[in-house]
Amino acid sequence: MGALLDPSSGPLTAGERLVVYLTLGASPIVTEEFAPLVGGVGVAQGQLRLVPVIVALTVGGWLATALLYALGRWRGRWVRRRFPRAGTAIKPWLRAVRRRPWRAALAVRFAIGARLLLPLACGVAHVRADVYLLGSLASSALWSAVFAVLGWWFGAAALAALDRVREYDQYVGGVVVAALVVAAVVLRRRRKRREAAA
């Protein structure tokens, strides 16, 4: 994926694009919003196409949440018996999921901080599989489209800014180095003053 960040490396081959799409599809459950943003930047560079990026992210994110749902459905009782504290932590989620299964399934990709817990809770609560799978598929598709398009828009702007900054990169590098040196000197003096005062 280095070629995505380095446009001077030339266009990606079909095989390289396939590897990038597969990598993007495998990563949303781990990297969250970073994966579609990187895919969008690849679209802005002309290395990738928007629809395959969205499809890869949708399928990968949906499969990951479906596996978490299946795990919750299969081993939920065992986890609650084995780890009673986990059972008390998940009870409020279970109540909310049982009251509104469609909303829970639709919120799976957008539930920041609960993207792993919510699919498990849906499984433990025995939300009907068709409700969960359809709702989480819709959620994954919308989430993937929104963040890939944002990556595309902001990627185009960021690439334009980088092209502009490249004219002055030696100056920017010098300023960054100077700022680091000044910060190191200031922190060292503060530490010496604290040591002297103690």
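About the thresholds
- Residues numbered from 1 in each chain as written.
- Predicted model: local features only at pLDDT ≥ 70, side-chain atom pairs only at ≥ 80, totals over all residues.
- Heavy atoms only, no water.
- Helix = DSSP H or I, 4+ residues; strand = E, 2+ residues; numbered from the N terminus.
- Expected span 1.5 Å × (residues − 1).
- Bend = angle between axes of the 7 residues up to and from the residue.
- Core = buried A, V, L, I, M, F, W, Y, C linked by side-chain atoms within 4.5 Å.
- Buried < 20%, exposed > 50% of the residue type's maximum accessible area, 1.4 Å probe, protein only.
- Contact = heavy atoms within 4.5 Å.
- Phe/Tyr/Trp six-rings, centres within 6.5 Å; stacked < 30°, edge-to-face > 60°.
- Lys NZ or Arg CZ within 6 Å of the ring centre and 35° of its normal.
- Salt bridge = Lys/Arg side-chain N within 4 Å of Asp/Glu carboxyl O.
- Patch = residues over 30% accessible without salt bridge, like charges linked within 9 Å, V, L, I, M, F, W, Y side chains within 5 Å.
- Areas by Shrake-Rupley, 256 points an atom, 1.4 Å probe, with all protein chains shown as cover.
- Lys, Arg positive; Asp, Glu negative; His and termini not counted.
- Charge placed at Lys NZ, Arg CZ, Asp CG, Glu CD.

Trainee: Report on helix H5 (residues 50-82), specifying residues and quantitative values.
Mentor: For H5, spanning 33 residues, the distance from its first C-alpha to its last is 45 Å, which sits close to the expected 48 Å at 1.5 Å a residue. Arg 75 marks where H5 bends most, by close to 65°.

Trainee: So what about the nonpolar core? Which residues, and what values?
Mentor: Grouped together as the largest cluster of nonpolar side chains are 17 residues, with contacts concentrated most on Leu 94, Val 97, Leu 118, Cys 122, Val 127 and Tyr 132. Those elements that place two or more of their residues in this core are helix H6 (84-99), helix H7 (101-106), helix H8 (117-124) and helix H9 (129-166). Setting aside residues no more than four positions away along its own chain, Val 97 makes contact with Ala 104, Leu 118, Ala 121, Cys 122, Ala 125 and Val 127. In terms of nonpolar packing, the next biggest core, distinct from the first, is built from 12 residues, Tyr 21, Ala 35, Ala 56 and Ala 148 among them.

Trainee: Any chance you could break down the environment of Ala 14 for me, citing the residues and the numbers?
Mentor: Looking at the element boundaries, Ala 14 is found in helix H2 (residues 14-26). For the pair Ala 14 and Leu 48, spaced 34 residues apart in sequence, the C-alpha to C-alpha distance is 9.9 Å.

Trainee: I'd like a rundown of the packing of aromatic side chains, residues and numbers included.
Mentor: Applying the stated criterion across every chain yields a total of 2 aromatic pairs. When the centroid spacing of 4.3 Å and the interplanar angle of 5° are considered together, the rings of Tyr 69 and Tyr 132 count as stacked. Here Tyr 132 lies in helix H9 and Tyr 69 lies in helix H5, a separation of 63 residues in the sequence. Of the residues examined, Tyr 69 reaches a relative accessible area of 5% and is grouped as buried. Residues Trp 143 and Phe 147 carry aromatic rings whose centres are separated by 5.7 Å and whose planes lie at 50° to one another, so their mutual orientation is tilted. Of the two residues, Trp 143 and Phe 147 are both situated in helix H9; the distance of 4 residues between them amounts to about one turn of the helix. Here Phe 147 falls in the buried class, since its relative accessible area comes to 19%. Arg 75 extends its terminal NZ or CZ atom over the ring of Trp 74, reaching a point 5.1 Å from the ring centre.

Trainee: Tell me what's going on with the pattern of salt bridges, and back it up with residues and numbers.
Mentor: The tally for this structure, following the rule as stated, stands at 1 salt bridge. A salt bridge links Asp 130 to Arg 128, with the shortest nitrogen-to-oxygen separation between them at 2.8 Å.

Trainee: Which residues make up the side chain of Thr 58, and what values do they have?
Mentor: Turning to its location among the elements, Thr 58 is positioned in helix H5. Using a relative accessible area of 9% as the deciding quantity, one classes Thr 58 as buried. In contact with Thr 58, other than residues within four places in its own chain, are Leu 137, Ser 140, Ala 141 and Ser 144.

Trainee: Break down a positive patch on the surface for me, with residues and values.
Mentor: Taken together, the side chains of Arg 77, Arg 80, Arg 81, Lys 91, Arg 95, Arg 98, Arg 99, Arg 100 and Arg 103 present a region of like positive charge at the surface. Looking at the positive patch, the elements with two or more residues in it are H5 and H6. The biggest single contributor to the positive patch is H6, with 4 residues. Along the polypeptide, Arg 80 turns up in helix H5. Residue classification places Arg 80 among the partly exposed positions, given a relative accessible area of 34%.

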